[in-house]
Amino acid sequence: MDFTFSKADEDFRLMVRDFFEREYPRGIVEKMARGHSPSKADYQKSERALAAKGWLTVNWPKADGGTGWTANQKYIFDEELGRAGALDVVPMGLLYVGPVIYTFGTDEQKKRWLPGILDSTTFWAQGYSEPGSGSDLASLQCAAVRDGDEYVVNGTKIWTSLAQHADWIFCLLRTDNSGKKQEGITFLCIDMTTPGITVNPIITIDGKHSLNSVTFENVRVPVGNRIGEEGKGWTYANYLLGHERTSYAHVAGKRKQLEDIRATAEQTDAGATRLIDDPAFAMKLAELEARLDALELTVLRTLATVSEGGAPGNESSILKVIATELAQDITELGMEAFDLYAIP
């Protein structure tokens, strides 16, 4: 497999870079550089700028509005987006539920939900994790009980990213407890304005609000909002998670973080020793740079598989683990390099 970039790839890179420098909203870049949290309006403005170029649905099939880009082009686009300091797309609609809808949804569901995802007028949240379940998604107990042409939903979802902005939430819900825990799980899409839904903010240690818990109390959901068959949600979830995990790498953003750490470590006040001259610190930085190179190659392998018509495989699970661990380790080294300035 050839991971080198051709002249056509590099020409593509220059075109993408020019867009982010000249056409992408500068106010958003400046706001992100100051460490501020983006608003719903920021996300929509960013995504509409990408949509105007036809660059919003990078990984969708061309027939469903995708770009038709090669694996290299997709990677270059992500790299240049991170390099520019632009906002990543909100993944819940574009990367997660969108592919599930166009793959498993009915024609009516596609007409109902895909346009709002494509023009960034509809925001989605992901209702998977639950209190007490940890990483064992199959242990979920938030219940959906069939009542005629509706499901009645009761329970709580947690760590729900950007639920405070969401118009819709897609949930894995327990519709049957009689078999294996992976069975009896159903995939429902729920209007966030439905009576009985409460969004409670979870403020993180940096003072920001992106996470939430979402409580459902006798929430009535039409059966027509179910994706696929009742009890087959685990199948659709596995398909979604493959796409989710490929979106976690953010190699360019991590590379920029390491560049900032290195630049800081190479600075010094008069008469002081540079942090980069500390062998222990230099070794930790070099190790992170090598791990990032390995992550980059894994991303390229996964993108190549998808571009050739395959589904994200075991590599996508690897990406989720190593990208998350690497992000944590880069942050910790950054705190060491920035010293007191790293404390919010």
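What you see is a predicted model, and the numbers here were worked out from it, not measured in a lab.

Draft legend 1. The pattern of salt bridges, seen in detail. One pass over the full model with this rule turns up 22 salt bridges. Aspartate 147 is the partner of arginine 220 in a salt bridge, and the nearest nitrogen-oxygen pair spans 2.5 Å. With arginine 220 in strand β7 (residues 209–222) and aspartate 147 in strand β2 (residues 143–147), the pair connects residues that are 73 residues apart, well separated along the chain. Look at arginine 220 and you get partly exposed, because its relative accessible area is 37%. Linking glutamate 150 and arginine 220 is a salt bridge whose minimum nitrogen-to-oxygen distance equals 2.6 Å. Of this pair, glutamate 150 sits in strand β3 (residues 150–157) while arginine 220 is found in strand β7, placing the two residues 70 residues apart along the sequence. A single salt-bridge network, built from bridges that share partners, covers Glu10, Arg13, Arg17, Glu79, Glu80 and Arg83.

Draft legend 2. Geometry of the packing of aromatic side chains. Tallied over the full model, the rule gives 19 aromatic pairs. Between tryptophan 113 and tryptophan 124, the ring centres sit 5.8 Å apart and the planes meet at 85°, which makes this aromatic pair edge-to-face. Here the residue tryptophan 113 occupies a position in helix α6 (residues 107–118), and tryptophan 124 occupies one in strand β1 (residues 124–127), the gap between them amounting to eleven residues. Tryptophan 124 shares its class with tryptophan 113; the two are buried. Ring pairs connect the aromatic residues Phe12, Phe19, Phe20, Tyr24, Trp55, Trp69 and Phe77, which therefore count as one cluster. Above the ring of phenylalanine 123, the side-chain terminus of lysine 40 is found at 5.4 Å from the ring centroid. The cationic tip of lysine 53 hangs over the ring face of tryptophan 55; the distance from NZ or CZ to the ring centre is 5.1 Å.

Draft legend 3. Highlighting unusual backbone geometry. Of note in this structure, serine 120 is not a glycine but carries a positive phi near 60°. Locating serine 120 in the fold gives a position in the loop between α6 and β1. Serine 120 sits in the buried class, given a relative accessible area of 1%. In this structure, leucine 162 is a non-glycine residue whose phi angle is positive, near 55°.

Draft legend 4. Main features of helix α3 (residues 40–52). Taking 1.5 Å per residue as the helical rise, α3 with its 13 residues ought to reach 18 Å, and the 18 Å between its terminal C-alpha atoms agrees with that figure. The complete set of buried residues in α3 reads Asp42, Tyr43, Gln44, Ser46, Glu47, Ala49 and Leu50. Where α3 terminates, the next one or two residues include glycine 54, which has phi positive at roughly 75°.

Draft legend 5. Quick peek at the environment of aspartate 119. Structurally, the position occupied by aspartate 119 is in the loop between α6 and β1. Taking relative accessible area as the criterion, aspartate 119 reaches 37% and is therefore assigned partly exposed. Along the chain, aspartate 119 and glutamine 44 lie 75 residues apart, while their C-alpha atoms are 8.6 Å from each other.

Draft legend 6. Inspection of the nonpolar core at higher detail. Ranked by internal contacts, the top residues of the largest apolar core, which has 49 residues, are Phe20, Phe77, Trp124, Phe170 and Phe187. If one sorts the elements of this core by residue count, helix α5 (residues 91–104) sits on top with eight residues. Residues contacting phenylalanine 77, with those up to four places away along its chain left out, are Phe12, Val16, Phe20, Leu50, Trp55, Val58 and Trp69. Ranked by size, the runner-up nonpolar core spans 20 residues in total, among them Ala265, Leu285, Leu295 and Leu319.

Conventions adopted
Residues numbered from 1 in each chain as written. Predicted model: local features only at pLDDT ≥ 70, side-chain atom pairs only at ≥ 80, totals over all residues. Heavy atoms only, no water. Salt bridge = Lys/Arg side-chain N within 4 Å of Asp/Glu carboxyl O. Helix = DSSP H or I, 4+ residues; strand = E, 2+ residues; numbered from the N terminus. Buried < 20%, exposed > 50% of the residue type's maximum accessible area, 1.4 Å probe, protein only. Phe/Tyr/Trp six-rings, centres within 6.5 Å; stacked < 30°, edge-to-face > 60°. Lys NZ or Arg CZ within 6 Å of the ring centre and 35° of its normal. Expected span 1.5 Å × (residues − 1). Core = buried A, V, L, I, M, F, W, Y, C linked by side-chain atoms within 4.5 Å. Contact = heavy atoms within 4.5 Å.

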